[in-house]
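Working through the structure, step by step
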Amino acid sequence: MFFLENTILYGVEGEVPDGDILVPLGVADVKRAGTDLTIVTYGRCVLHSLAAAEVLQKQHGVSVEIVDLRSIRRWTSPPC
């Protein structure tokens, strides 16, 4: 097992909920609902995708869904 961490995100501020937070591995999170286009992303690109979705909505009327993978599992070949 390995852990990926984007150090560029260290300076990003945001809300932190009270109490313990359990993020299930292998379960994505819809960060923004949309009906015209879906962007599937993770890590720092989630922030860029959310910003792009706002621009597309305001300037072009395009409704964009943003899905944050939150965890990535490597693909393996099925057993022979």
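Not measured: the values here are computed from a predicted model. Throughout this document, residue positions are counted from 1 along each chain, in the order its sequence is written. Given that this is a predicted model, residues contribute local features only at a pLDDT of at least 70 and side-chain atom pairs are listed and counted only at 80 or more, while totals for whole chains, interfaces and linings are drawn from all residues. Excluded from the side-chain calculations are hydrogens and water; all other atoms, namely the structure's heavy atoms, are used.

1. Points about unusual backbone geometry
Its identity as a non-glycine residue notwithstanding, Arg 70 has a phi of 65°, on the positive side. Helix numbering and strand numbering both begin at the N terminus, where a helix is a DSSP run of H or I of at least 4 residues and a strand a DSSP run of E of at least 2. Structurally, Arg 70 can be placed in the segment after strand 3 (64-68). Burial classification: accessible surface area is computed with a 1.4 Å probe over protein chains only, and a residue below 20% of its type maximum counts as buried, one above 50% as exposed, and the rest as partly exposed. Taking relative accessible area as the criterion, Arg 70 reaches 34% and is therefore assigned partly exposed.

2. Here we look at the pairing of strand 3
Summarising burial for strand 3: four of the five residues are buried, a large majority. Pairing between two strands requires that DSSP report at least two bridges joining them. Relative to strand 3, strand 1 (residues 29-32) is paired through three bridges, and the arrangement is antiparallel. For Val 30, the partnering residue across the bridge sits in strand 3 and is Val 67. As defined by bridge partners, strand 2 (residues 37-41) adjoins strand 3 across five bridges and the pair is classed as parallel.

3. Here's the deal with the pattern of salt bridges
Salt-bridge detection follows one rule: a side-chain nitrogen of Lys or Arg within 4 Å of a carboxyl oxygen of Asp or Glu. Under the definition given, this model contains three salt bridges. Across the pair Asp 29 and Lys 31 runs a salt bridge whose closest N-O atoms are separated by 3.0 Å. The partly exposed category is assigned to Asp 29, whose relative accessible area is 25%. Here Glu 54 ties to Arg 32 by a salt bridge, and the two come within 3.3 Å at their closest N and O atoms. In this pair, Glu 54 sits in helix 1 (residues 44-60) while Arg 32 sits in strand 1, placing the two residues 22 residues apart along the sequence. Under the relative-accessibility criterion, Arg 32 is labelled buried at 14%.

These results come straight from atomic positions and should not be treated as a statement about function.
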